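Listed below, chain by chain, are the residues.
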Number of protein chains: 2
Amino acid sequence: MQQKETEISDLGEFGLIDRLTQDFPLKNPQTKMGVGDDAAILAFGEKDVVVTTDLLLEGIHFDLRYVPLQHLGYKAAIVNFSDIFAMNAIPRQITVSLGISSRFTVEHIDALYAGIRRACEIYNVDLVGGDTSASVSGLVISITCIGDVEAGKEVKRSGAKPTDIICVSGDLGAAFMGLQLLERENSIAAGQKDFQPDFAGKEYILERQLKPEARKDIIELLHNEGLTPTSMIDISDGLSSELLHICKASNVGCRVYEDKIPIDYQTALMAEEFNMNLVTAAMNGGEDYELLFTLPLTDHEKIEKLKGVSMIGYVTSPDLGLALVTRDGAEIPIKAQGWNAFNK
Amino acid sequence: MQQKETEISDLGEFGLIDRLTQDFPLKNPQTKMGVGDDAAILAFGEKDVVVTTDLLLEGIHFDLRYVPLQHLGYKAAIVNFSDIFAMNAIPRQITVSLGISSRFTVEHIDALYAGIRRACEIYNVDLVGGDTSASVSGLVISITCIGDVEAGKEVKRSGAKPTDIICVSGDLGAAFMGLQLLERENSIAAGQKDFQPDFAGKEYILERQLKPEARKDIIELLHNEGLTPTSMIDISDGLSSELLHICKASNVGCRVYEDKIPIDYQTALMAEEFNMNLVTAAMNGGEDYELLFTLPLTDHEKIEKLKGVSMIGYVTSPDLGLALVTRDGAEIPIKAQGWNAFNK
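Residues numbered from 1 in each chain as written. Chains lettered and ligands numbered in written order. Predicted model: local features only at pLDDT ≥ 70, side-chain atom pairs only at ≥ 80, totals over all residues. Heavy atoms only, no water.

Undergrad: Whenever I open this one, the relation of the copies chain B and chain A confuses me. Can you help?
TA: Each of the two copies of the chain can be brought onto the other by a rotation about an axis and a shift along it. Rotating chain B by 180° about the axis while translating it 0.0 Å along that axis superimposes it on chain A, leaving an RMSD of 0.0 Å. In the structure described here, the two chain copies are related by an operation that fits a two-fold rotation axis. Within chain B, the C-alpha atom positioned nearest to the axis of rotation is that of Gly45 of chain B, 2.5 Å from it. The share of interface residues of chain B whose copies in chain A are also at the interface is 100%, consistent with both copies meeting through the same surface. (Least-squares fit on C-alpha atoms with pLDDT ≥ 70 in both. Contact = heavy atoms within 4.5 Å.)

Undergrad: Would you take a moment to explain the packing of aromatic side chains for this structure?
TA: Residues and elements named next belong to chain A. Going through the model one piece at a time under the given rule, you end up with six aromatic pairs over all chains. Consider the rings of Phe85 and Tyr123, whose centres lie 6.2 Å apart with planes at 50°: the pair is tilted. Taken together, the residues Phe85 in helix 2 (residues 69–85) and Tyr123 in helix 3 (residues 106–123) connect sequence positions 38 residues apart. In terms of burial, Phe85 and Tyr123 fall into one category: buried. Centroid distance Tyr257 to Tyr314: 6.3 Å. Interplanar angle 35°. Geometry classified as tilted. Separated by 57 residues along the polypeptide, Tyr257 in strand 9 (residues 253–257) and Tyr314 in strand 11 (residues 309–316) bring together distant segments of the chain. Assessed through its relative accessible area of 28%, Tyr257 is described here as partly exposed. (Phe/Tyr/Trp six-rings, centres within 6.5 Å; stacked < 30°, edge-to-face > 60°. Helix = DSSP H or I, 4+ residues; strand = E, 2+ residues; numbered from the N terminus. Buried < 20%, exposed > 50% of the residue type's maximum accessible area, 1.4 Å probe, protein only.)

Undergrad: Would you mind showing me how to read the pairing of strand 8 (residues 231–234) of chain A here?
TA: Put simply, side chains in a regular strand alternate between the two faces of the sheet. All names here are of chain A. Burial along strand 8 is two-sided: Ser231 and Ile233 and Met232 and Asp234, pointing in opposite directions, are all buried. The sheet contact formed by strand 8 and strand 10 (residues 291–295) spans four bridges and is antiparallel. Across the sheet, residue Ile233 finds its bridge partner in strand 10, namely Leu292. (Pairing = 2+ DSSP bridges.)

Undergrad: When you look at the sheet that holds strand 12 (residues 322–325) of chain A in this model, what are you seeing that I'm missing?
TA: In any sheet, the strands associate via hydrogen bonds between backbone groups, in a parallel or an antiparallel arrangement. All names here are of chain A. Sheet architecture is open: seven strands sit in the order 8-10-7-11-9-12-13, paired in mixed fashion. Because the sheet does not close on itself, it has two edges, and the strands there are strand 8 and strand 13 (331–333). Here the average twist between neighbouring strands, direction ignored, is 25°. By the bridge criterion, four bridges tie strand 9 to strand 12 in an arrangement that is parallel. Directly across from Cys254, in strand 12, lies its bridge partner Leu322. (Axes fitted to C-alpha atoms, helices over the stretch in contact; angles between N-to-C directions.)

Undergrad: What should I look at first to understand the interface of chain B and chain A in this one?
TA: Bring the parts together and some accessible area is lost; that lost area is often taken as the interface size. In this complex, chain B contributes 70 residues to the contact, which on the side of chain A involves 70 residues. Both faces considered, chain B and chain A share a buried interface measuring about 5400 Å² in area, 58% of it formed by carbon and sulfur atoms. Scanning the region where chain B abuts chain A turns up zero salt bridges. Seen at the junction of chain B and chain A, the total is six residue pairs in polar contact (both at pLDDT 80 or more). With nine residues, strand 3 (residues 47–57) of chain B is the largest single contributor of residues to the side of chain B that touches chain A. Two elements, strand 2 (residues 40–43) of chain A and strand 3 of chain B, share four bridges in a ladder whose sense is antiparallel. The residue bridging Ala43 of chain A from the neighbouring strand is Asp48 of chain B, located in strand 3 of chain B. (Buried area = accessible area lost by both parts, 1.4 Å probe. Salt bridge = Lys/Arg side-chain N within 4 Å of Asp/Glu carboxyl O. Polar contact = N/O pair within 3.5 Å; in protein donor to acceptor, adjacent residues only side chain to side chain.)

Undergrad: Would you take a moment to explain the state of the cysteines for this structure?
TA: By definition, a disulfide links the sulfur atoms of two cysteines through a covalent bond. Residue and element names in this part refer to chain B. One pass over the full model with this rule turns up zero disulfides over all chains. Cysteine Cys120 is unpaired, with the sulfur of Cys145 as its nearest cysteine sulfur at 8.2 Å. Look at Cys120 and you get buried, because its relative accessible area is 0%. (Disulfide = S-S within 2.5 Å.)

Undergrad: Could you clarify how one ought to interpret the packing of helix 5 (residues 203–210) of chain A against helix 8 (residues 265–273) of chain A in this entry?
TA: Residue and element names in this part refer to chain A. Between helix 5 and helix 8, the least distance of the axes is 8 Å, while the angle of their chain directions is 95°. The orientation of helix 5 with respect to helix 8, classified from their angle, is roughly perpendicular. Residues Glu203, Tyr204 and Ile205 of helix 5 lie in contact with helix 8, whose contacting residues are Gln266, Thr267 and Met270. Considering only residue class, the contact of helix 5 with helix 8 consists of three nonpolar, two polar and one charged. (Parallel < 35°, antiparallel > 145°, perpendicular 65-115°, else oblique. Nonpolar A, V, L, I, M, F, W, Y, C, P; charged D, E, K, R; others polar.)

Shape descriptors only; they carry no functional weight alone.
Take a look at the structure:
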C-alpha cells in the first residue's frame, strides 16, 4: 500500500519544525533550553566549549540515488560528532539547518530526521535548534555541533613533537571502496529494469560508507588508560591530507610505514576487483572518520595494549618532510590527494 | 581596467579557507582558539551560552541581481546577532559555512566575506570556524552564532504576563518597502539598457532592506536603565508572526494599537506610491530586525523615557486572543501572514 505523502507547504515552516523537533527530549544537564526560541541556552560552567560545523550539499557530498535518507541523516550527525571527539571533547548539542527542494515530502524529511535522531540517541547529544527553508535546488544540510571538555584538556592539531608515535584507530580505505561499489552498482542499475545489486560479502565496506560511526570509544579508551594525545584529527579527507594538517600545524615531519596501515580484508578484495592500488585507497580515500593522533614515545608500552589502535609511524623534525616508507624501504613524499569539492 | 578574477578551483578548499579567514583577529577573551582545527574552543566560565543558526539560500532568501555581495555578507551576520540580542545576550563568535557554485570567483567570495568581516568588527564578534564547499546550484550561506549572558539573565519568548506592556524598537515595514522598490526597479531595468534606478529620497528604506543593523543599543539601553523584559523576540518574519510566537510561548493574548505602531515617513510614502496598505506592510513585512519585548506595567514611567522604543499595546489573558485595535476601535484578529519559504 502506498503511504500517504505530505507536501512541505501543507505544514509550513513552523509546522515542519514542530514536527521534526517534537521527539528530541533533552539529555544533557548543560542544555538549559533547546528548540523554540531565538537561540538555545547552554551552561558549561568550568568546561571549555568546542564548536564545529559541517555543510552537506546534494550532488556534491551525497547522491540520493544510492544513499537512503535515514543513513544520510545519521552520517550528517556523525561527521560532526567525529570533529568534536577529535578535540578530545564530548559532543553535547547540535543545531540542524535544512534547505529542502520541492521534490521532497514531509515523509522524506522525517526519514532524514530519524537518522539524525538515532545518532543523537546513541551518542547522547541534544538537538537544540536549527533553521528550515525551501531550496530552489537540491537538499542542503548544515549541522553545527557543540561539545565540552575539561578546561585545558582539549587536543589540537598543533602539539605533535619529533619522536612522537603516530597512531590511527580502526582501519582505512573501506568507506572509499564502499563508495566505488555503490557507484558501480548504480551505473549498472541505470541500464536495467529490476536490477538487484549483489552486495553479499561486502556489508562492511558498505556500512563504512553509508553508516559510519564516530570513535567515542577510542576517546574513552585513551582517557581510561591515562593517555592524552599531543595532537589529534579525524580522518575525513584521507590519511595523507590529515597527516599534512597535523605536520603543518605542529611544524614537524613524519614517517609512515606502508605495511603498518590498517586495512580490512573486504577493502583489499574490493580494491583487487577494481584493479585499484590498495595503499592509495587507504591513504587518500577519505570518509573513514577514524582518529589520527600522536603520543609520546614513552607511552609505547601502553599504546601496544590499546585494542583497535595501530601505530603507523613516528613524528620527525620538519626538515625531513613527510614520507610514506614502502615495504622495500623506499620513501615516497606524502601529498594531499584527498577529496576536493572545488576540483574541476 | 578589468580586475583579475580567480577561479575557486585555483585555490582549492584549504587555500580558500586560509584566504577568507586570515584577517579575522580574535577579539573576545572567551575565544580560546578559532579557525584551524576540527573545532573552535570557547570558554565561558560562569556565563550561559546561547546558540542560534540561520540558513540563507540564493533564489529563496536573496536575489543577487540587486543585492551586492558585501551587503549580503553583512546582513547574513546581522540576522544572527539579532537572534542573540533577542535573548538578552551578547554575540561572541560565529561560524560561517558556504556552498559556492562555479559562477562565483574568489573575488566574489572576498566581497561576501568583507561584509561578514565588517559586521564582526562593528559588533565585536569573532569568526571561529566554518566549512566551505562547491555547490551545484546557487550560493548557500549557513551561519551559527554563539553568545553569552549572565547565568539566568537570558530572556525567552515565554515570560510575558497579562498587563505587561508590549514594546517595539525603531520602526516597522521599511525593509519590506525597500524590497518592493528594489524589485520594481529591477524589473524595469530588465527591459532597458543603461537604466539608472532613481533611489533619491528613498535611502532609508533601501538601507533597511540591504544593510540592516541588530539592536545592540537597545539591549544596552535596557540594561543601563535596570529594565529586564519578561519576554523578547526579534522581528524577522513580521510583527504579527512574532506576536503569535510570544503569545503562544507565554500562553497569553494581546491588544496592539494600530496608531501606536512606529512607521517611518519614507515607508508611508512608498506604500502610498505602491497603493499598498501601510499597516499590513508594518504588521507582516518582516526583515526589520527590531526587538519586540514585554515589560511589567510598573515600569511604565521608565519605558516612556526610552529613546527609540514605542509602547504599542499590552498583554492580556489567553482567552481574549490576539487582536489589532484599529483607529476607530474595531478589533481585528492577528494572524501570521509573515514570510513562508514553503508557500507555493
